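Structural overview
Here's the letter readout for the chains.
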Amino acid sequence: MRISDKPVAARLAALGVEIRPGIALKDLTSLAIGGTTDELLIRRYDTLPDVMKVLKDEGIPHKFLGGGTNVLIADGELPWVMLHLPPAHPGVRIEGNAAFVDAAADLGGTVTFCAKHDLGGMEGLIGVPGSIGGALRMNAGAYGTQIGSYVREVELYRAATGLNEILRGDDIRFDYRHTSFAPGDVMLRVKLELPPKPYKDIVAGIRVCNEKRRASQPLNQKSAGCIFKNPPGASAGRMIDELGLKGLRVGDAMVSDRHANFFVNSGQATCAEMLRLIDDVRARVHEKFGVELENEVIIWKN
Ligand code: EPU
């Protein structure tokens, strides 16, 4: 979708929004899949309520992209514009045991930045790709750690009120790969409270997690991490593996031959191919195990 109306573009520019026309979203996602649309970079968080009002008044559909590491985006020209907070480096400020982190900051970068200030706890999250905002929204977790455990406050834009607000950590539910944030909420900043730990101990923990991850996951291939959530008490990866589906392909979309719950883009895979692969694997798992796998990856169709 293109913002071709000059007065609308001028109103957005006055609010600090940079419009990047015709961006290929496959260049912004870890799966390297996704069609084309205008990208709107929101440079000032305080203007977000006004930006959202312009989009609403003008009837411009939109979606918010975080790190692009857990999303499967449709092919072709997309019927919505993409909103994006510009990457923040490092986007972290430390005060005592607290880290104040911008939503656009990189999750792994945040873990190492905090480690350098002798603040630990998040070692398990080190290899999880993506932004802090995305990690918060889905309560990213690995190796027994989930980000929600450390959240004390979240600043966010709420579509329900049209305002930027601050929520207390206690008022947010963090479950397995799920949170109580509303679909229209946009993460802006978070206050994490982290346990003090010597840098060298944190680094030792990070090494262990990195080794485990390298041994079991296809880190050098284009993926969105695990495609399905694990059903209670079971592993989606193990079930898909037991069905002998590693290496199964639809075009260039392929079940990883390393970890069966990672679906990789082995070349020029399209969204349509990936969706067919997902549906096929889900149906086979259902037939054999009677379990309906739920997507972990977020799918944006057009
Ligand atoms: N397994 C297989 N074959 C496979 C993959 C796994 O037999 O192809 C077996 C493993 O041998 C192990 C069991 O299944 O006995 C569980 O595997 P693993 O330890 O790799 O964990 P997982 O449940 O597949 C979860 C998260 C990962 C996270 C790891 C480590 C989900 C959906 N996945 O994977 O998160 O990194 O644990 O904590 O919760 C993600 O969310 O995108 C993700 C990668």
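Above this text is the structure in question.
Residues numbered from 1 in each chain as written. Predicted model: local features only at pLDDT ≥ 70, side-chain atom pairs only at ≥ 80, totals over all residues. Heavy atoms only, no water.

Considering helix α5 (residues 199–216)
For α5, built from 18 residues, the straight-helix expectation of 26 Å at 1.5 Å per residue is met to within 8% by its first-to-last C-alpha distance of 26 Å. Turning to α5, its buried residues number three or more, namely Ile202, Ile206, Cys209 and Arg213. Seen along its axis, α5 keeps its buried residues to an arc of 65°; they face one direction. Opposite the packed face of α5, turned more than 90 degrees from it, sit the exposed residues Lys200, Arg207, Arg214 and Ala215. (Helix = DSSP H or I, 4+ residues; strand = E, 2+ residues; numbered from the N terminus. Expected span 1.5 Å × (residues − 1). Buried < 20%, exposed > 50% of the residue type's maximum accessible area, 1.4 Å probe, protein only. Arc of directions from axis to C-beta.)

A short note on the packing of aromatic side chains
Both the distance between ring centres and the angle between the ring planes are used here to describe each pair of aromatic rings. A full pass over the atoms with the stated rule returns 3 aromatic pairs. On the numbers, 5.9 Å between centres and 75° between planes, the contact of tryptophan 80 with tryptophan 300 is edge-to-face. One end of the pair, tryptophan 80, is in the loop between β4 (71–73) and β5 (81–84); the other, tryptophan 300, is in strand β19 (residues 298–300), and 220 residues separate them in sequence. Residue tryptophan 80 is classed as buried on the basis of its relative accessible area of 5%. Plain terms: the ring middles of phenylalanine 174 and phenylalanine 181 are 6.1 Å apart, the flat faces sit at 80° to each other, and that makes the pair edge-to-face. Residue placement shows lysine 63 over the ring face of tryptophan 80; its charged tip is 5.5 Å from the ring centre. The ring centre of phenylalanine 100 lies 4.5 Å from the NZ or CZ of arginine 93, which sits over that ring. (Phe/Tyr/Trp six-rings, centres within 6.5 Å; stacked < 30°, edge-to-face > 60°. Lys NZ or Arg CZ within 6 Å of the ring centre and 35° of its normal.)

Here we look at the sheet that holds strand β2 (residues 36–42)
The strand order across the open sheet formed by 4 strands is β1-β2-β5-β3, and the pairing between neighbours is mixed. What marks the edges here is a single partner per strand, and that holds for β1 (17–24) and β3 (62–65). Neighbour to neighbour, the strand axes of the sheet diverge by 30° on average, direction disregarded. Relative to β5, β3 is paired through 4 bridges, and the arrangement is parallel. (Pairing = 2+ DSSP bridges. Axes fitted to C-alpha atoms, helices over the stretch in contact; angles between N-to-C directions.)

Remarks on the pairing of strand β14 (residues 186–193)
Pairing between strand β7 (residues 98–102) and β14: 5 bridges, direction antiparallel. Within β14, the residue paired with phenylalanine 100 across the bridge is lysine 191. Relative to β14, strand β10 (residues 151–158) runs antiparallel, the two being bridged by 6 bridges. Looking at β14, one finds that tyrosine 157 is bridged to valine 186.

Looking at the nonpolar core
Judged by nonpolar contacts, the single largest core of 57 residues is most densely connected at Val154 and Leu192. Residue contacts for valine 154: discarding those within four places in its chain leaves Leu136, Glu165, Ile166, Leu167, Ile172, Phe181, Met187, Arg189 and Val190. In terms of nonpolar packing, the next biggest core, distinct from the first, is built from 25 residues, Ala236, Phe263, Leu277 and Val281 among them. (Core = buried A, V, L, I, M, F, W, Y, C linked by side-chain atoms within 4.5 Å. Contact = heavy atoms within 4.5 Å.)

Brief notes about the site of the ligand
Within the structure, the ligand sits among 20 residues, and Tyr176, Asn230, Arg238, Asp241 and Glu296 are positioned closest to it. Within the side chain of histidine 259, one N or O atom sits 2.9 Å away from an oxygen atom of the ligand. Protein contact buries 73% of the 820 Å² of open area that the ligand shows by itself. Those elements that provide at least two residues to the shell around the ligand are β15 (222–226) and α6 (236–242). Considering each element in turn, the shell around the ligand owes the most residues, 3 residues, to α6. In terms of residue class, the shell around the ligand is made up of 7 nonpolar, 7 polar and 6 charged. (Near = heavy atom within 4 Å. Polar contact = N/O pair within 3.5 Å; in protein donor to acceptor, adjacent residues only side chain to side chain. Areas by Shrake-Rupley, 256 points an atom, 1.4 Å probe, with all protein chains shown as cover. Nonpolar A, V, L, I, M, F, W, Y, C, P; charged D, E, K, R; others polar.)

Regarding the pairing of strand β18 (residues 262–265)
Taking every second residue as pointing to the same face, both faces of β18 are buried, with Phe262 and Val264 on one and Phe263 and Asn265 on the other. Note: β15 against β18, 3 bridges, orientation antiparallel. Opposite cysteine 226, over in β18, you have phenylalanine 262 as the bridge partner. Sheet topology note: the strand β17 (residues 253–255)/β18 ladder contains 3 bridges and is antiparallel. Bridged to methionine 254 within β18 is valine 264. The turn joining β17 and β18, which pair antiparallel and follow one another in sequence, is formed by 6 residues.

Focus: the sheet that holds strand β11 (residues 163–168)
Across a sheet, strands are paired by hydrogen bonds formed along the backbone, either parallel or antiparallel in direction. The sheet built from 5 strands is open, its strands ordered β6-β7-β14-β10-β11 with antiparallel pairing. Each having just a single partner strand, β6 (92–95) and β11 make up the two edges of the open sheet. Between one strand and the next, the sheet's axes are offset by a mean angle of 15°, whatever the strand orientation. As paired strands, β6 and β7 are joined by 4 bridges and run antiparallel to one another. From the neighbouring strand, glutamate 95 faces β7, where its bridge partner is alanine 98. Of the strands in this sheet, β6 and β7 are in contact with helix α3 (residues 107–116), which crosses β6 at around 30°.

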